[in-house]
Amino acid sequence: MIELENIAYNYGGGELLSEISLKLAPGSFHFLTGPSGSGKTTFLKLCYGALTPTAGSARLFGQDVRQMDRDGHAMARRRIGVVHQDCQFLDHLPVADNVALPLTVSGRDSLDQVSNLKELLNWVGLGNRASALPPELSGGERQRAALARAVIMSPEVVLADEPTGNVDWEMSQRLLQLLVELNRMGKTILIATHDLNLIRTAKHHVQARVLRISNRKLQLAGADL
Amino acid sequence: MTLLNALSTVFIGDAQADRVVPPTGFTARLTLFVAGTMAFLAVFALALSLASGRLAKRWGDELAQSSTLRISAPAGQMDAQTEAALALLQGTPGVASARALSNEEQRALLAPWFGPDLPVDTLPIPQLIEILETDDGYDAAGLRLRLQAEVPGAVLDDHTRWRKPLERAAGRLRMLGWVAILLIGATTAAMITLAANAALAANAQVIAVLRLIGARDSYIARAFVRRFTLRALIGAATGTVLGVGAVLLLPAAQPEGGFLTGLGFAGGGWLLPLLVPPLAAIVAYAATGAAARRTLAELA
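What counts and what doesn't
Residues numbered from 1 in each chain as written. Chains lettered and ligands numbered in written order. Predicted model: local features only at pLDDT ≥ 70, side-chain atom pairs only at ≥ 80, totals over all residues. Heavy atoms only, no water. Helix = DSSP H or I, 4+ residues; strand = E, 2+ residues; numbered from the N terminus. Contact = heavy atoms within 4.5 Å. Pairing = 2+ DSSP bridges. Axes fitted to C-alpha atoms, helices over the stretch in contact; angles between N-to-C directions. Domains from an automatic or database assignment. Buried area = accessible area lost by both parts, 1.4 Å probe. Salt bridge = Lys/Arg side-chain N within 4 Å of Asp/Glu carboxyl O. Polar contact = N/O pair within 3.5 Å; in protein donor to acceptor, adjacent residues only side chain to side chain. 1 Å grid on protein atoms, 1.4 Å probe; cavity = no way out; pocket = protein on both sides within 12 Å on 5 of 7 lines; lining within 4 Å. Points joined across faces, edges and corners; volume = space filled by probe spheres on them. Nonpolar A, V, L, I, M, F, W, Y, C, P; charged D, E, K, R; others polar. Core = buried A, V, L, I, M, F, W, Y, C linked by side-chain atoms within 4.5 Å. Buried < 20%, exposed > 50% of the residue type's maximum accessible area, 1.4 Å probe, protein only. Phe/Tyr/Trp six-rings, centres within 6.5 Å; stacked < 30°, edge-to-face > 60°. Lys NZ or Arg CZ within 6 Å of the ring centre and 35° of its normal.

**Some words on the overall build of chain B**
Thought 1: Looking only at helices and strands, one finds 10 helices and 4 strands in chain B.
Thought 2: Along the chain direction, N to C, the helices and strands of chain B fall in the order α-α-α-β-α-β-α-β-α-β-α-α-α-α.
Thought 3: Partitioning the contacts of chain B with sequence separation of at least 6, the portion at a separation of at least 24 is 83%.

In structure tokens:
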């Protein structure tokens with residue numbers, strides 16, 4: 001569903017990533033790790049088409065990113081749930097509306113979705129925070145709200161950028177558990193993190209592969225973790 | 001987008017789409033104010049154009065088909081020269097009728113200037129002859145030459161030297177009114193573009209979030225376009241009502257007041273201001289749509 005073929009990316013001052021090839025198979029679970037500034041976020045952006053590779057070809061759901069127009073990108077985003085490191089919300093709308101926003105903008109917000117929304121909010125543990133405004137949420141609550149928003153369209157892929165970056169260990173495990181559950185439901189998961197404990201914990205629950213960015217290249221990390 | 005689609009977008013809209021952009025109290029009021037002011041001014045420019053148009057037509061019609069012959073002669077020759085002039089005019093092709101004005105008529109003409117008590121009989125007032133032309137008109141130069149030969153005391157005034165500058169002035173005034181309306185429309189578009197750009201810039205984060213979760217540009221643009229179109233419509237409607245009210249309060253046209261008191265609408269002209277609010281809305285729709293498309297295309 002996401003295929004990167006020998007891609008490179010540079011922001012203008014030398015290449016940040018080069019010779020990267022990756023095929024995300026349906027139902028797979030990947031971790032992406034590497035030191036800060038190694039290009040994890042850039043890599044994720046290449047995966048959901050927010051950036052276009054400067055060399056090589058990236059294909060989303062069989063379509064070349066370079067050939068997609070702005071509407072095409074919008075359509076691809078509906079099939080890829082993204083949880084950002086610093087999740088942005090519409091601060092004037094309550095959490096429930098923010099989580100339901102992908103349905104709203106794609107014209108799929110119908111009445112039967114309301115009960116789904118409630119269920120989803122309970123699932124991420126925000127059932128009693130539905131009417132709060134995003135600025136009133138704690139870091140962990142924001143991450144979970146972002147996760148709920150990322151999965152409400154039932155996307156085929158969920159990309160998460162340091163989803164546990166701002167939360168304590170207990171909350172990290174809860175978020176991880178939610179992502180593992182999604183994977184069991186058949187979603188493809190890619191999590192960028194530098195938290196090795198998180199990766200170790202995950203390995204008890206799910207068949208996860210670990211990708212590491214080092215020296216601008218993507219490597220499959222061994223069993224040394 | 002078809003017209004029907006555009007209308008349904010603006011009027012029925014999508015309550016949710018409207019909510020995704022945070023409400024902006026202050027700039028909203030400014031947009032309303034601008035639309036209102038511009039509509040108010042447009043109503044006046046419209047009134048000016050229509051009134052000067054009517055004026056030009058009236059002057060043209062009244063003065064075009066008539067001219068005046070003035071005979072100044074010593075008291076003894078006055079009647080003879082008048083007779084001679086009338087006879088000559090009768091035989092001139094292009095003259096439909098010629099008639100010497102009576103003393104009472106001449107006095108009425110002079111009354112506004114000298115008062116009603118003027119003893120006209122005692123003054124050496126020239127005799128006026130009113131000439132009505134046929135549609136083809138007569139040859140003024142030829143008539144002047146013949147009059148010179150046969151009625152030396154006669155001066156022909158075919159009104160051209162009055163009519164032409166007045167008609168031209170009224171025509172210019174009307175054109176000025178239309179230019180003003182065009183400028184008002186362009187200014188409205190410019191101001192709404194500025195306001196829309198400011199709104200789009202202020203909501204950059206909202207737009208980024210919407211793009212991230214898969215909103216299409218058209219959806220995002222719609223939220224802004226609908227807002228500004230409705231504001232322009234409401235503002236312009238208010239401004240139009242106030243403008244028409246102000247025109248109604250102007251004194252009605254009076255014969256003594258000349259053209260200034262004729263400023264306003266007549267008959268079907270009263271319907272024209274009704275076009276101002278929809279036109280303002282169309283201008284706002286186009287301006288905001290263009291601004292939104294331009295801004296969105298620049299985003300990643």
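**What about the sheet that holds strand S1 (residues 2–10) of chain A?**
Residue and element names in this part refer to chain A.
Thought 1: One open sheet holds the 4 strands; their spatial order is S2-S1-S4-S5, and the pairing between them is antiparallel. The open sheet has two free edges, formed respectively by strand S2 (15–24) and strand S5 (63–64), since each of these has just one partner strand.
Thought 2: Bridge count for S1 against strand S4 (residues 55–60) is 5 bridges, and the pairing is antiparallel. Residue pairing in the sheet places alanine 8 in a bridge with alanine 55 of S4.
Thought 3: Helix H1 (residues 40–47) rests against S1, S2 and S4 of the sheet, and its axis sits at about 130° to S1.

**As for the domain arrangement of chain A**
One frequent convention defines the size of an interface as the accessible area lost when the parts assemble.
Residues and elements named next belong to chain A.
Thought 1: Each assigned domain of chain A is listed here: domain 1 (1–79 + 155–225) and domain 2 (91–154).
Thought 2: Distance from the C-alpha centre of domain 1 to the C-alpha centre of domain 2: 23 Å.
Thought 3: Every contact between the two is made by 16 residues of domain 1 and, on the other side, 14 residues of domain 2.
Thought 4: Of the roughly 1,300 Å² buried where domain 1 meets domain 2, counting both sides, 67% is carbon and sulfur surface.

**Brief notes about the interface of chain A and chain B**
Thought 1: Counting from both sides, the interface comprises 24 residues of chain A and, opposite them, 22 residues of chain B.
Thought 2: Here chain A meets chain B over a buried area of about 2,000 Å², counting both sides, of which 56% is carbon and sulfur.
Thought 3: On the chain A side of the contact with chain B, Arg70, Arg77 and Val105 of chain A bury the most area, a combined 32% of that side's loss.
Thought 4: Across the chain A-chain B interface, the total number found is 1 salt bridge.
Thought 5: Between aspartate 217 of chain B and arginine 70 of chain A there is a salt bridge, with the nearest N and O atoms lying 2.5 Å from each other.
Thought 6: At the boundary of chain A with chain B, the tally comes to 8 residue pairs in polar contact (both at pLDDT 80 or more).

**Some points on the layout of surface pockets**
All names here are of chain B.
Thought 1: Of the volumes computed, that of the largest pocket is approximately 650 Å³.
Thought 2: Forming the walls of the largest pocket are 20 residues, and the residues nearest its centre are Thr68, Leu109, Leu128, Asp157 and His159.
Thought 3: Listing elements by their share of the lining of the largest pocket, those giving two or more residues are strand S1 (66–71), helix H5 (103–114), strand S3 (127–133), strand S4 (154–157) and helix H7 (160–202).
Thought 4: At 5 residues, H5 tops the list of elements feeding residues into the lining of the largest pocket.
Thought 5: A per-class count over the lining of the largest pocket returns 10 nonpolar, 5 polar and 5 charged.

**Some points on the nonpolar core**
Side chains that are nonpolar tend, in soluble globular proteins, to be buried together.
Residue and element names in this part refer to chain A.
Thought 1: Ranked by size, the top nonpolar core spans 44 residues in total, and within it Phe29, Phe31 and Leu147 carry the most contacts.
Thought 2: When contributions to this core are tallied by element, the ones reaching two or more residues are strand S3 (29–33), helix H3 (95–105), helix H4 (111–123), helix H5 (139–151), strand S7 (157–161), helix H6 (169–184), strand S8 (188–192) and helix H7 (196–205).
Thought 3: Lining this core are residues from two domains, each supplying at least three of them: domain 1 (1–79 + 155–225) and domain 2 (91–154).

**Digging into the packing of aromatic side chains**
Thought 1: Per the stated rule, a full pass over the model turns up 3 aromatic pairs over all chains.
Thought 2: Ring centres of phenylalanine 29 of chain A and phenylalanine 31 of chain A lie 5.4 Å apart, and the angle between their planes is 55°; on these two criteria the pair is classed as tilted. In terms of burial, phenylalanine 29 of chain A and phenylalanine 31 of chain A fall into one category: buried.
Thought 3: Ring plane angle 50° and centroid distance 5.3 Å describe the contact between phenylalanine 40 of chain B and phenylalanine 44 of chain B, whose orientation is recorded as tilted. Of this pair, phenylalanine 40 of chain B and phenylalanine 44 of chain B both sit in helix H3 (residues 25–64), 4 residues apart, which is roughly one turn of the helix.
Thought 4: Owing to a relative accessible area of 28%, phenylalanine 40 of chain B belongs among the partly exposed residues under this scheme.
Thought 5: Its guanidinium or amino end placed over the ring of phenylalanine 61 of chain A, arginine 79 of chain A lies 3.9 Å from that ring's centre, counting from NZ or CZ.

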